[in-house]
Amino acid sequence: MNLLDATVVQVAAPAVHADLGGSVSDIQWFSAAYTLPFAVLLITGGRLGDIAGRRRLFVLGVTAFAVASTACALAPTASLLIAFRAVQGAAAALIILQTIGLIKAATTRSPASVRSLR
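A quick note: this is a predicted structure, and the numbers were derived from the prediction, not measured. (Residues numbered from 1 in each chain as written. Predicted model: local features only at pLDDT ≥ 70, side-chain atom pairs only at ≥ 80, totals over all residues. Heavy atoms only, no water.)

1. Things to note about the packing of aromatic side chains
Applying the stated criterion to the full structure yields one aromatic pair. Between Tyr-34 and Phe-38, the ring centres sit 6.1 Å apart and the planes meet at 15°, which makes this aromatic pair stacked. Taken together, the positions of Tyr-34 and Phe-38, both in helix α2 (residues 25–52) and four residues apart, correspond to about one turn of that helix. The same class applies to Tyr-34 and to Phe-38, which are both buried. (Phe/Tyr/Trp six-rings, centres within 6.5 Å; stacked < 30°, edge-to-face > 60°. Helix = DSSP H or I, 4+ residues; strand = E, 2+ residues; numbered from the N terminus. Buried < 20%, exposed > 50% of the residue type's maximum accessible area, 1.4 Å probe, protein only.)

Right, dumping it as structure tokens:
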């Protein structure tokens, strides 16, 4: 989902810019606004999953990502699109590491891994 989102935005960026307007630098921000919070929050998202529960954070991340994606689709200006892309990137940071942790816990049969699914 992460790679698909980045690819779609790169391909559609010129058309989106033509539709929403804004400065030329906004085209770069369409992607950077997603990538920066994603990269910054990866470690924090993983640690939060350890503390609050991977499944809970995964559901929260997917819900936030879906809401942010809808907001991106409905954004009336380039500035709002950039803001919603930042929220989308933060939500993606929650999703990625929880997915890896959930897969590891599901394939490992130790009591600690079973507890981590809760």
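Further notes follow.
2. So, the side chain of Ser-31
Its location among the elements puts Ser-31 in helix α2. Apart from the residues lying within four places of it in its own chain, the contact partners of Ser-31 are Val-9, Gln-10 and Arg-85. (Contact = heavy atoms within 4.5 Å.)

3. Here we look at the confidence of the model for the chain
Predicted confidence across the chain gives a mean pLDDT of 86, with 92% of residues reaching 70 or more. The least confident element of the chain, judged by mean pLDDT, is helix α5 (residues 111–116) at 58; the most confident is helix α3 (residues 54–74) at 94. (pLDDT = per-residue confidence, 0-100.)

4. With respect to the packing of α2 against α3
Axis separation between α2 and α3 bottoms out at 8 Å; the angle between their running directions is 150°. Looking at the two axes, α2 sits roughly antiparallel to α3. Facing α2, whose interface residues are Tyr-34, Gly-45, Leu-48, Gly-49, Asp-50 and Ala-52, α3 presents Arg-54, Arg-56, Leu-57 and Phe-65. A per-class count over the contact of α2 with α3 returns five nonpolar, two polar and three charged. (Axes fitted to C-alpha atoms, helices over the stretch in contact; angles between N-to-C directions. Parallel < 35°, antiparallel > 145°, perpendicular 65-115°, else oblique. Nonpolar A, V, L, I, M, F, W, Y, C, P; charged D, E, K, R; others polar.)

5. Observations concerning the packing of α3 against helix α4 (residues 78–107)
In the contact formed by α3 and α4, the axes pass within 8 Å of each other and the chain directions differ by 150°. Looking at the two axes, α3 sits roughly antiparallel to α4. By crossing handedness, the relation of α3 to α4 is classed as left-handed. For the contact of α3 with α4, the class distribution of residues is 18 nonpolar, six polar and three charged. (Left-handed = near helix turned anticlockwise from the far one by under 90°.)

6. Topic: the environment of Ala-105
Of note, Ala-105 is situated in helix α4. Spatially, the C-alpha atoms of Ala-105 and Arg-54 are 9.8 Å apart, while their sequence positions differ by 51 residues.

7. Topic: the pattern of salt bridges
Proximity of charged atoms lets side chains of opposite charge pair with each other. If you walk through the whole model with that rule in mind, you get two salt bridges. Ionic pairing is found between Asp-50 and Arg-47, a salt bridge with its closest N-O pair at 3.9 Å. Note that Asp-50 and Arg-47 are positioned in helix α2 at a spacing of three residues, about one turn of the helix. Close ionic contact of Arg-54 with Asp-50 constitutes a salt bridge, the shortest N to O distance being 3.2 Å. Note on Arg-54: relative accessible area 17%, which makes it buried. Overall, the relative accessible area of 45% leaves Asp-50 in the partly exposed class. (Salt bridge = Lys/Arg side-chain N within 4 Å of Asp/Glu carboxyl O.)

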